Amino acid sequence: MLRLYSALIFLSLIWGLSFVFIKWMVEPAGIWGTTFLRCLAGALILLPLFFRQQKKASGKPLKWKPLIIVGLFNAGVPWTLIALSETQINSNTASILNATTPIWTGLIGFIVFSVMLTRFQWAGIAVGFFGILILMDFQVGGLFTSNFVGVGTMLIASMSYAFSSQYTKKALTGVSVVVISTFQLVVGGLVGLIGMFIQGGVDWNGLVEPKALLAIVGLGCFGSGIATLLFFYIVKKGSPEFASTVTYLIPGTAMVWGFVLLDEPVTSNLIIGLLIIFLGVFLSSRKSKKQIKAAVGLEGRGSTATQYEHKS
């Protein structure tokens, strides 16, 4: 368990700084270029590990369809949407909206994957939504206008992460973390590359500036490569819900980085919204005694991952 918590803390430190790197990178690289370059840098780290592992696997077939789906929903879609969001909102606001991922994980688990939720988890979902409203200063109408880019796109990115976590647990149990992580980066990179060809918008001269180069290395090698390995390690050894609680820690580090490196203000709405969302995440991550006993029982019979109660 100590390894899981250590991985969670280290992951939060990397991803908290990633929101600053996106700010630095999105101007010269563009939205699609940011996705492509972070995936490319991360893939360069993981591909040697992938090929070495596949050589030892003696031609064991890959689960192509689930791997592509996870690549789309855990990299291609959310990373592009986050880059788009940060063209309109501060990095600290983006990180707090990203903190709603555990709430969406529970809700999507219930709707799509028939995961049973307790009354505490339903209460957490409701509280989390109230925290989002505070962040938006109750300007809900903005989500249905041109102001959708920012808060709205960031929420969709969080939903995409949530779906990917649940789907990974369901469809890729037993698949190596290296395989999942590498495919995610390759698929995400292809999404970014296609977008670059269609839309363009990359300032190649700007990408050789020190900040941009640091962002590519930090966001790609650490934020997309090493961090992706850590995330899927936590999902497989713990659970999607536990892995998604990394978002408890990210907003705190992101706010500090944003204040120090980007001179972003820390407003009262930001703090109050964050605390309420955290309460919602805490409640939505709770499980009933029956769920805990079922998970312990399955683990005792040799299960390698946390299981879920399903509706019949």
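The structure displayed is predicted, hence computed values, not measured ones. Per chain, the residues get numbers from 1 upward, laid out in the order the sequence is written. Given that this is a predicted model, residues contribute local features only at a pLDDT of at least 70 and side-chain atom pairs are listed and counted only at 80 or more, while totals for whole chains, interfaces and linings are drawn from all residues. To get the side-chain values, take all heavy atoms of the structure and skip hydrogens and water.

*Asks:* Break down the overall build of the protein chain for me, with residues and values.
*Replies:* Looking only at helices and strands, the protein chain features 12 helices and zero strands. Ordered by position from the N terminus, the helices and strands of the protein chain form the series α-α-α-α-α-α-α-α-α-α-α-α. We call two residues in contact when some of their heavy atoms are within 4.5 Å. Taking the contacts inside the protein chain whose residues are at least 6 apart along the sequence as the reference set, 88% of them involve residues at least 24 apart. The accessible surface values rely on the Shrake-Rupley method and a 1.4 Å probe; as for residues, cover is taken only from the protein chains in view. Accessible surface for the protein chain amounts to roughly 14400 Å². Of this, 69% is attributable to carbon and sulfur atoms. Here a strand is any run of E in DSSP of at least two residues, a helix any run of H or I of at least four, and the numbering for each starts at the N terminus.

*Asks:* Mind laying out helix 2 (residues 64-85), listing which residues take part and the relevant values?
*Replies:* An α-helix turns once per 3.6 residues; consequently, residues spaced three or four apart project the same way. What a helix is expected to span follows from its residue count: subtract one and scale by 1.5 Å. Here helix 2 contains 22 residues, and its C-alpha end-to-end distance of 30 Å stays within 8% of the 32 Å for a straight helix at 1.5 Å per residue. The largest bend in helix 2 comes to about 40°, at Leu 72. The angle between axes fitted to the seven-residue stretch ending at a residue and the seven-residue stretch beginning at it gives the bend at that residue.

*Asks:* Describe in detail the packing of helix 7 (residues 177-199) against helix 8 (residues 210-237), supporting the description with residues and values.
*Replies:* Only C-alpha atoms enter the line fits that serve as axes; for helices the fit covers just the stretch in contact. Angles between N-to-C directions range over 0 to 180 degrees. Contact geometry of helix 7 with helix 8 gives a least axis separation of 9 Å together with a crossing angle of 135°. By the angle between their axes, helix 7 is oblique relative to helix 8. The two elements helix 7 and helix 8 meet at a crossing, and its hand is right-handed. Facing Val 177, Val 178, Ile 180, Ser 181, Gln 184 and Leu 185 of helix 7, the residues of helix 8 in contact are Ser 224, Gly 225, Thr 228, Leu 229, Phe 232, Tyr 233 and Lys 236. Nonpolar residues are Ala, Val, Leu, Ile, Met, Phe, Trp, Tyr, Cys and Pro. Charged residues are Asp, Glu, Lys and Arg, and all others, Gly as well, are polar. Tallied by class, the residues present in the contact of helix 7 with helix 8 amount to seven nonpolar, five polar and one charged. For classification purposes, angles smaller than 35 degrees are called roughly parallel, those larger than 145 roughly antiparallel, those between 65 and 115 roughly perpendicular, and all remaining angles oblique. If you view the pair so one helix is near and one far, a crossing is left-handed when the near helix is turned anticlockwise from the far one by less than a right angle, and right-handed when it is turned clockwise.

*Asks:* Residue-level account of the nonpolar core, with values.
*Replies:* Ranked by size, the top nonpolar core spans 87 residues in total, and within it Leu 11, Trp 15, Ile 82, Leu 97 and Ile 234 carry the most contacts. Here the element with the most residues in this core is helix 1 (residues 2-56); it accounts for 22 residues. Contact partners of Trp 15, with chain neighbours within four places excluded, come to Gly 223, Ala 227, Phe 231, Val 246 and Ile 250. Working definition of a nonpolar core: buried Ala, Val, Leu, Ile, Met, Phe, Trp, Tyr and Cys residues. They are joined through side-chain atoms within 4.5 Å. When a residue's accessible area, from a 1.4 Å probe over protein chains only, is under 20% of the maximum for its type it is buried; when over 50% it is exposed; and in between it is partly exposed.

*Asks:* Outline unusual backbone geometry, listing residues and values.
*Replies:* For Asp 263, which is not glycine, the phi dihedral falls at a positive 60°. You can see Asp 263 is positioned in the loop between helix 10 (246-262) and helix 11 (268-284).

*Asks:* Please provide a residue-by-residue account of the side chain of Thr 100, values included.
*Replies:* Locating Thr 100 in the fold gives a position in the loop between helix 3 (91-98) and helix 4 (101-113). We classify Thr 100 as buried; its relative accessible area is 1%. Here a polar contact means two N or O atoms within 3.5 Å. Within protein one must be a hydrogen donor candidate and the other an acceptor candidate, and residues neighboring in sequence count only if both atoms are side-chain atoms. A distance of 3.0 Å separates the side chain of Thr 100 from the side chain of Trp 104, its partner in a polar contact. Not counting residues within four places of it along the chain, the set of residues in contact with Thr 100 comprises Ile 132, Leu 155, Ser 158 and Ile 277.

*Asks:* Tell me about the confidence of the model for the protein chain, and name the residues and values.
*Replies:* The pLDDT value expresses, per residue, how confident the predictor is, ranging between 0 and 100. Scored by pLDDT, the protein chain has a mean of 81; 86% of the residues are at 70 or more. No element of the protein chain has a lower mean pLDDT than helix 12 (residues 289-300), which averages 44, and none a higher one than helix 2, which averages 95.

*Asks:* Give me the packing of aromatic side chains: which residues, what numbers.
*Replies:* In this analysis, rings of Phe, Tyr and Trp, with Trp reduced to its six-membered ring, are considered paired at centre separations within 6.5 Å, and the interplanar angle assigns stacked below 30 degrees, edge-to-face beyond 60, and tilted for intermediate values. On inspection of all chains with the given rule, the structure shows 10 aromatic pairs. Note on Trp 15 and Phe 231: the rings are 5.8 Å apart at their centroids and 45° apart in plane angle, and the pair reads as tilted. With Trp 15 in helix 1 and Phe 231 in helix 8, this pair connects stretches of sequence that are 216 residues apart. Summarising the burial analysis for this pair, Trp 15 and Phe 231 share the class buried.

*Asks:* Requested: an account of the environment of Thr 100, with residues and values cited.
*Replies:* As for Thr 100 and Val 281, which are separated by 181 residues in sequence, their C-alpha atoms are 7.0 Å apart. For Thr 100, the side chain forms a polar contact with the main-chain oxygen of Leu 97, separated by 2.6 Å.

*Asks:* I'd love a proper account of the side chain of Glu 264, names of residues and values included.
*Replies:* Within the secondary structure, Glu 264 sits in the loop between helix 10 and helix 11. For Glu 264, the side chain forms a polar contact with the main-chain nitrogen of Asn 92, separated by 3.2 Å. Sequence-distant contacts of Glu 264, defined by excluding residues within four places in its chain, comprise Lys 23, Asn 90, Ser 91, Asn 92, Gly 258 and Phe 259.

*Asks:* Explain the packing of helix 5 (residues 119-135) against helix 11 residue by residue, including any values.
*Replies:* At their nearest, the axes of helix 5 and helix 11 sit 7 Å apart, and the two run at 165° to each other. The orientation of helix 5 with respect to helix 11, classified from their angle, is roughly antiparallel. Where helix 5 crosses over helix 11, the two elements pack in a sense that is left-handed. Residues Phe 120, Gln 121, Ala 123, Gly 124, Ile 125, Val 127, Gly 128, Phe 130, Gly 131, Ile 132, Ile 134 and Leu 135 of helix 5 lie in contact with helix 11, whose contacting residues are Asn 269, Leu 270, Ile 272, Gly 273, Ile 276, Ile 277, Leu 279, Gly 280, Leu 283 and Ser 284.

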